[in-house]
Amino acid sequence: MPDASRTKVNITVDGRSVEAAPGELLITAAERAGTYIPRFCYHPRMEPVGMCRMCLVEVDGPRGATLQPACYLKVADGMNVTTTSDKVKKAQDGVLEFLLANHPLDCPVCDKGGECPLQDQTLAHGSGETRFAEEKRHFVKPVEIGELVLLDRERCIQCARCTRFASEVAGEAQIAFAGRGDLIEVAPSPTQPFDSFFSGNTVQICPVGALTAKPYRFSARPWDLEQVESTCTTCAVGCRVAVQSSGNRLTRVLGVDSEPVNHGWLCDKGRFTLDSVDGHEHDTDVLSAQSRITQPLVRRGGELTPVSWGVALAEAARLLHEAGDASAIGAIGGATLTNEGAFAWERFLRGAIGTENLDAQFGDGLDPVLLQTLPLATIDEAAAASVVLTLTGDLREELPVLFLRLREGFAHQGHALVELSSGPSALRPLARHVLSVRPGEAPTLARALVSGRLPVGTLVGESELADARALIGDGTGVVIVVGRANLAEDQRIVDEAVSILAHGLPGATFLVALRRANVRGALDMGLGPRLRPGRGFDPVASGRDTPAQLRAMVSGTQRVTIVLGGCLLGNVVDQELASAALASSKVIAVTGHGGATLAHADVVLPASVQHERTGTVTNLEGRVTAVAPKVGAPGSAWPDVAIAAELALAWGQDLGLGSVELCAQAIEETTGYAALSVLQDQAFDGVVMGREVTPVARHAMDPMAFPGIRSTKTAGLAESTGATTLLDASTTATTRGAAKDDVHLDKVDVPLADAYALRLVLVRRLYDRGIAMQGSPALGALISTTSLSVHPRDLDHLGLASGARVKVRARAGDFEIGVVTDETVLRGTCVAPFGTLDETGADVVARMIDASSPVTQLRLETQ
Amino acid sequence: MATLDAPRIVSSRRDMADSFTWVRYLETGGYNALRKALSMFPEDVAAQVDAASLLGRGGAGFPAGRKWSMLRRSAISYLVVNGDESEPATFKDHYLVERDPHQLVEGVIIAAYALQVTQAFIFLRGEFALGLERVQQALNDAYAHGALGSKIFGSDFSLDVVVHPGAGAYICGEETSLLESLEGKRGFPRIKPPFFPAVTGLYGEPTVVNNVETMSNLPWIINNGGAAFAALGAGRSTGTRLFALAGNVKNPGVFELEMVKNTFRDIIFDPALGGGLAEGRSLKAFIPGGVSAPWFGPDQLDTPLGQDEVGALGSMLGSGSIVVMDDASCVVRATWRITKFFSRESCGQCTPCREGSGWIERVMYRLEHGGGRMEDLDLLLDLCDNIAPGLSWPPQQTTICVLGPSIPSSVHSALSMFRDDFVAHVNHGGCPHA
Amino acid sequence: MSHFRTDIRQRAEELVALYPRKRSAMLPLLHLAQEHDGYLSDEGIAEVAALTDTTPADVRGTASFYDMFHLEPVGQYVVGVCTNIACLLAGGEELLEHASRTLDCAVGATSSDEMFTLEETECLADCNLAPCVQVNHRYVRTTTPASFDAMIADLRDGRLDHEVPSHGTLIRVKRQGGLRVAKDEIAAERAQALAARTARADAAAAAAAAQEKK
Ligand SMILES: Cc1cc2nc3c(=O)[nH]c(=O)nc-3n(C[C@H](O)[C@H](O)[C@H](O)COP(=O)(O)O)c2cc1C
Ligand code: SF4
Ligand code: FES
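Now for a description of the structure that goes with this document. (Residues numbered from 1 in each chain as written. Chains lettered and ligands numbered in written order. Predicted model: local features only at pLDDT ≥ 70, side-chain atom pairs only at ≥ 80, totals over all residues. Heavy atoms only, no water.)

### With respect to the overall build of chain C
The number of helices and strands found in chain C is eight helices and four strands. Ordering the α and β elements of chain C from the N terminus gives α-α-α-α-β-α-α-β-β-β-α-α. Computed over the C-alpha atoms, the radius of gyration of chain C is 24 Å, more than 25% above the 17 Å expected from 2.2 N^0.38 for a compact globule of 214 residues. Structurally, chain C occupies a C-alpha span of about 80 × 50 × 30 Å along its principal axes. Looking at chain C residue by residue over its 214 residues, the buried ones come to 52%. (Helix = DSSP H or I, 4+ residues; strand = E, 2+ residues; numbered from the N terminus. Rg over C-alpha atoms; globule rule 2.2 N^0.38 Å. Buried < 20%, exposed > 50% of the residue type's maximum accessible area, 1.4 Å probe, protein only.)

### Side note on the pattern of salt bridges
All names here are of chain A. Taken as a whole, this structure holds 105 salt bridges over all chains when the rule is applied. Put simply, Glu612 and Arg292 hold a salt bridge, and the shortest N to O gap is 2.7 Å. A residue pair is termed long-range when its members are at least 10 positions apart, and Glu612 in the loop between strand 27 (603-606) and strand 28 (615-618) and Arg292 in the loop between helix 6 (268-272) and strand 14 (297-300) qualify at 320 residues. Comparing Glu612 with Arg292 shows no difference in burial state: the two are buried. Here the residues in one salt-bridge network are Glu346, Arg347, Arg350, Glu356, Arg532 and Asp538, joined through shared partners. (Salt bridge = Lys/Arg side-chain N within 4 Å of Asp/Glu carboxyl O.)

### A word on the state of the cysteines
All names here are of chain A. Tallied over the entire structure, the rule returns zero disulfides over all chains. In this structure Cys267 is a free cysteine whose sulfur lies 6.1 Å from that of Cys235, the closest cysteine sulfur available. With a relative accessible area of 8%, Cys267 lands in the buried category. (Disulfide = S-S within 2.5 Å.)

### Let's talk about the site of ligand 2
Residues in contact with ligand 2 amount to 13 residues; listed here are only the nearest, Cys347, Cys350, Cys353, Cys401 and Gly404 of chain B. Looking at side-chain class alone, the shell around ligand 2 contains eight nonpolar, five polar and no charged residues. (Near = heavy atom within 4 Å. Nonpolar A, V, L, I, M, F, W, Y, C, P; charged D, E, K, R; others polar.)

### Some remarks on empty space enclosed by the protein
All names here are of chain A. Under the definition given, this model contains 16 cavities of 30 Å³ or more. What the largest cavity holds in volume is close to 210 Å³. Lining the largest cavity are 19 residues, with Val203, Ala213, Tyr216, Arg252 and Leu254 positioned closest to its centre. Only helix 5 (199-205), strand 10 (211-213), strand 13 (249-255) and helix 6 provide two or more residues apiece to the lining of the largest cavity. No other element matches strand 13, which puts four residues into the lining of the largest cavity. By residue class, the composition of the lining of the largest cavity is 10 nonpolar, four polar and five charged. One number sums up the size of the second largest cavity: a volume of about 140 Å³. Along the wall of the second largest cavity there are 13 residues; nearest its centre are Asp364, Leu514, Arg515, Arg516 and Arg764. In the lining of the second largest cavity, the residues fall into four nonpolar, three polar and six charged. (1 Å grid on protein atoms, 1.4 Å probe; cavity = no way out; pocket = protein on both sides within 12 Å on 5 of 7 lines; lining within 4 Å. Points joined across faces, edges and corners; volume = space filled by probe spheres on them.)

### Points about the nonpolar core
One finds Val237 of chain A together with Trp68, Leu79 and Trp295 of chain B to be the most contacted residues of the largest nonpolar core, which totals 252 residues. Examining the composition of this core, we find that 10 residues originate from one element, helix 6 (residues 101-115) of chain B, more than from any other. If you look at the next biggest cluster of nonpolar residues, it comprises 103 residues, including Ile472, Val478, Phe510 and Tyr673 of chain A. (Core = buried A, V, L, I, M, F, W, Y, C linked by side-chain atoms within 4.5 Å.)

### As for helix 15 (residues 491-504) of chain A
Residues and elements named next belong to chain A. Across its 14 residues, helix 15 extends 20 Å between first and last C-alpha, which sits within 8% of the 20 Å expected from 1.5 Å per residue. Extensive coverage of helix 15 is indicated by the burial of 11 of its 14 residues. Regarding helix 15, the residues found buried are Gln491, Ile493, Val494, Asp495, Glu496, Ala497, Val498, Ser499, Ile500, Leu501 and Ala502. (Expected span 1.5 Å × (residues − 1).)

### Notes on the sheet that holds strand 31 (residues 758-763) of chain A
Residues and elements named next belong to chain A. Spatially, 31-35-32-34-33-36 is the arrangement adopted by the six strands of the closed barrel, whose pairing is mixed. Strand-to-strand, the axes of this sheet are offset by a mean angle of 45 degrees, without reference to chain direction. As defined by bridge partners, strand 32 (residues 788-790) adjoins strand 35 (residues 829-833) across two bridges and the pair is classed as antiparallel. Each bridged residue has a counterpart across the sheet, and for Val790 the counterpart in strand 35 is Cys830. (Pairing = 2+ DSSP bridges. Axes fitted to C-alpha atoms, helices over the stretch in contact; angles between N-to-C directions.)

### Points about the site of ligand 1
All names here are of chain B. Taken together, 18 residues form the shell around ligand 1, and within it Gly58, Asn82, Asn210, Asn211 and Thr214 come nearest. In the model, an oxygen atom of ligand 1 is placed 3.0 Å from a nitrogen or oxygen of the Glu175 main chain. Protein chains shield 90% of the accessible area of ligand 1, which is 610 Å² for the free molecule. For the shell around ligand 1, the leading source of residues is strand 4 (residues 207-211), giving three residues. Residues belonging to the shell around ligand 1 are distributed by class as follows: four nonpolar, eight polar and six charged. (Polar contact = N/O pair within 3.5 Å; in protein donor to acceptor, adjacent residues only side chain to side chain. Areas by Shrake-Rupley, 256 points an atom, 1.4 Å probe, with all protein chains shown as cover.)

### Regarding the interface of chain C and chain B
Counting residues at the interface gives 62 residues for chain C, matched by 83 residues for chain B. Counting each side, the surface lost to burial between chain C and chain B is near 5900 Å², with a carbon and sulfur contribution of 54%. Our enumeration of links across chain C and chain B arrives at 10 salt bridges. In this structure, Arg333 of chain B engages Glu93 of chain C in a salt bridge whose closest nitrogen and oxygen atoms are separated by 2.1 Å. Put simply, the parts of the chain that give the side of chain C that touches chain B at least two residues each are helix 2 (26-37), helix 4 (56-63), helix 5 (85-89), strand 2 (116-121), strand 4 (138-139) and helix 8 (183-213) of chain C. (Contact = heavy atoms within 4.5 Å. Buried area = accessible area lost by both parts, 1.4 Å probe.)

Spatial relationships are all this shows, so hold off on functional conclusions.
Right, here's the structure in full:
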């Protein structure tokens, strides 16, 4: 038990006095004091196990000095440690010799060669010749243990980093030690491969070449790699990454150990979809994205035809002029832009053209004015909160590394999780209380949580509610994670529930689990109706959000629509409306990737994408970090900022925002938003807007813990950027930050439950048909297929069997689909994944949704 | 001549064919001790065990009373009985679980009462299929007669005992590994500190782990008093102990002997005990306390069978097993087989034990079967030194548990005592006897 | 859907209920799965994983730590011959070689009629009757080549059926009895007893202190 009353203890390391925190591990205390103790199994982000015995040092004790593992031993006041004695040296040399005894001598053909901790240790300390004259241990050389990972058991040094990651961090022991003694091996089950969303992390932390990633294998040698530190923009967590390339070809993304964000971890989507970026022509054996748009296109005679930038911009400008009224122009999207790109487009569209019809969300988010009024929590605060309430989708599917960060608290620190939910959730087994709600009922339950009065007809019991309320209190210290658990449920239902919680639990703070990459930054830059750059808000303005724009397109009031990045068709839940809208409006698409939207585009302006561009982004907690280019964009794709600026020029106005730096400067000068300071200090963990900026020095990254990552910057922003919620006062005199009273939510009436129907819970999958997945040869094969999950008893009730195909009666007509039973599905509901196709390649999900109703009810019948 | 007049404390029913039955147990005084214990305060029961100065019979020889009172004021959650008995040539617990399961069960209930735990587990090695059945039957009988379960014999004390089958892994005898195994995991010993399960044991809660024989002594101690037990033996080694004698003796078996009053010579040569070696053979070496212990030679035959007496000469009484090797046996072969055992049984957690055991075994194999080199002898010692630095006794260790540092015991002993035999193997290109 | 027969499934659930935490039932459950299938089949492993809230990889990894669990099918009789130190000195290796010839299968392999699997074991704790032999973990106490062959013949002809059940069956005595009162009631009892003990200790200490003063 560390003595809580003391804040420091003193130990002696090799005769030097060292200060350490009580309960700190000896290995870290010594390291901070400049004494690096060799190690293999120790990893700073996992519990120590003291298995490899490389870190043995001499520690004085009652029975004289004994060899103790520094990675496991906690410091105690007065501890006397020797790390350099002959005895220590002999023990460490002995361990290294033992590790090498059975280790193959295949460094020249090993992926890890050149960045291998074992190799480095051997060069530094090894004896150079072997005394091991026996036959080495033999296993079949690399075996595929999952879709993305190969295992070479001969190289394994049994450090248990991978198995510990799987069970301790990811919470899915899909790989485990098997066997005993020197035949011990890492093994998956033959019936269940290693198909975790986090498998790449095990490759990254393997201290030898035992685990290798299929997409990276043999693609480069470490010494040929160049690296920049950047931010992953695959989702809104914004993990810090080291992006590496060999020449102008992206080869690898590794997780950087960012204390406030990702602790070194990444999800496989963020790690491995880098091949969706690569649009260059390469040798045929190289995975290469097919989906990149590399030159401007204009529709001529019904066909999209390559043209020069000049021609394309002129054509786009002409369309905008022809629209006539500014209110006939709108823009949808923006979450894939950098803050600078978003700002430039906002300035062009709102500032120059004068339209208020802007929306970075696709009707699948939350009310942006409501968001502005929520007291925000950081990821760290949520991870440290003793009570967390979630009203969101399955975080493992939507924001994987946020899932890891939160899971740690529930799994290892005794934090309590209360789920308010109608959908599946990977955190559920760790939840203290699950308050189940049927689709449409979230506001009812939110009100009950706040008031303690439980209306009849909910699925929650009185005592359950009372227990949950006792944990939550008035919300003080509670972090509420809000997002969209069910895309078939009207956004306004969730908005209402969130608003009830915000009013009723005044002590609580919120973490907004919006999924799309820089959606937060785009909203902060004003890409929403009534919003203004710098988290501003104009109470008198009015404009259309995405659903309204789509309706206006169909009705002909919005005649020209700019689609900013992303794939509109793949993201809007009401696919029918989206298709009709695109067909009825002129469309200018600004995108780096192809997609179904392009079939309706009149002008296509090719943009650079992640790992090709510079700028800043803002993650879901409001943290502004820099993104950096590692490779050039293919063909003649341009950065978003340049496209906005050039289109503005072609249209007739010079925005004065011709470069990312100019944009960043303008953002910071006019709104106080820390774009420029972050951009100029690229390699740091960024700053959270709305918070005071305290410089945090990052620990130097230990190559033993993060092999393969070249040095990263360890210090960043040293001074405060001052107030951070200034507004762009130049737009209108009324602009200000939104207050609670500014939130005006429409009430929706949820229809009564139909006893013969199941309510649809439409969920997100990590491996959906999004652009990154579709464009990635490495991950594309993993895209989920559609199926309908139903509780076994509901299926029984309907007289149906699992695995059967059933007829679904939906508003758009009848269709067939395979059903599977799942005990975790709420009775009276069915779960389907959005953005997937069924095994016949049909998008039946789109046909299920009843866009005319706030919830979708489906009737299932035998064929 | 051996001193054989001490009472049989744990093997009093050894000559009865039905010693394992409820009826026989009751007829021979069974469960009187439990009734007596239940009439005492729990702490007074513990005090008797403390007074008996009963040393643990599992191998480490830690006083049971001290272990029980380590956390005097806080509650112990679980009692776990160690019946994994896998130390080669140790077979005394085998005798106790198969032949006297009720005595074990009564001991467990008494200990549980003294410790005030309501849940106990008896971990038996899985290969004891018959023993598992006999202990389960003994528990069923005890439940049926009110000696176990709720309100035992009408007292306020309730207890549940579960027999837990192991599944074949020597390391699960090591108490922290046993707990991991009991938690349903791979038997990886836990890293110390904490040094005692009494602090963090099963499910992280305070737990007492004691050996089967340790438990089996309790009915006698309660019936006769701790002082009577302490009056037997000498010094720290009180009472009697079961010794398992094996190897090249005429009459191998389990013998209950008063501690310290007898010597190795007595147990090996007394006609009532080991009966000596085969005609015409002489003693080459013997292992005094399980294959983890350093070896003794004929010069140590007169050492008394006492914990400290053996410890003073650089070995241990350990698990109470004595293996006799006569002059016809090959010490290189014996050593190789012991290293093979450790190599198969290393749990594989720590590098020095996992890799060292395999490496040493392979070198020993070559020496015995051909292909040995003179430099192998120094290599062996150096590899041993890398597992147990200094090759001293008790060993220092580079490993998590003491299985690793047990590997050098036989290698180091054999090499120091019989280096010529090793040299002969090298020169001959294998075993000269084979 | 349970892979286990109804009676085995019921015993499995009883086992899980015996322990404070589900996972503790792992080893007994694996023995039971082996009783059901003769070895640990993928289906058996999956069922144990479900019963203990673990994963198949975890169960498999755990099982593979222990020698008594077989992840591949074995014969009806697993014959183990010990060659560890006491048995080595008594001719264990020679008996093992003999067994291999009699059964016509290599050590570690299964005879062609799938009746016997031969194993070299570590010490089986029956060293006074060395070399020691077990069949399906029952001691058969046969120490010479001739008695070994006779024992195999007995097994083949079913004369040992009552002593040696098929591979996997470990404990044939069903557990009977247990606590009849709820665990929390017991916990309350125990807390009371401990409080009483503490009070007695305090009183004794106070008395001793008073004595000292006098
Ligand atoms: C490798 C190893 C194997 C052990 N095997 C056993 C065993 O089979 N049975 C046993 O009772 N103790 C064994 N022990 C000792 C136990 O760790 C523990 O000390 C003992 O069970 C405590 O009981 P006791 O105090 O009653 O002796 C072993 C220790 C080690 C290091
Ligand atoms: S010393 Fe050997 S048996 Fe003990 S923990 Fe280490 S590897 Fe396992
Ligand atoms: S034992 Fe400390 S780093 Fe492995």
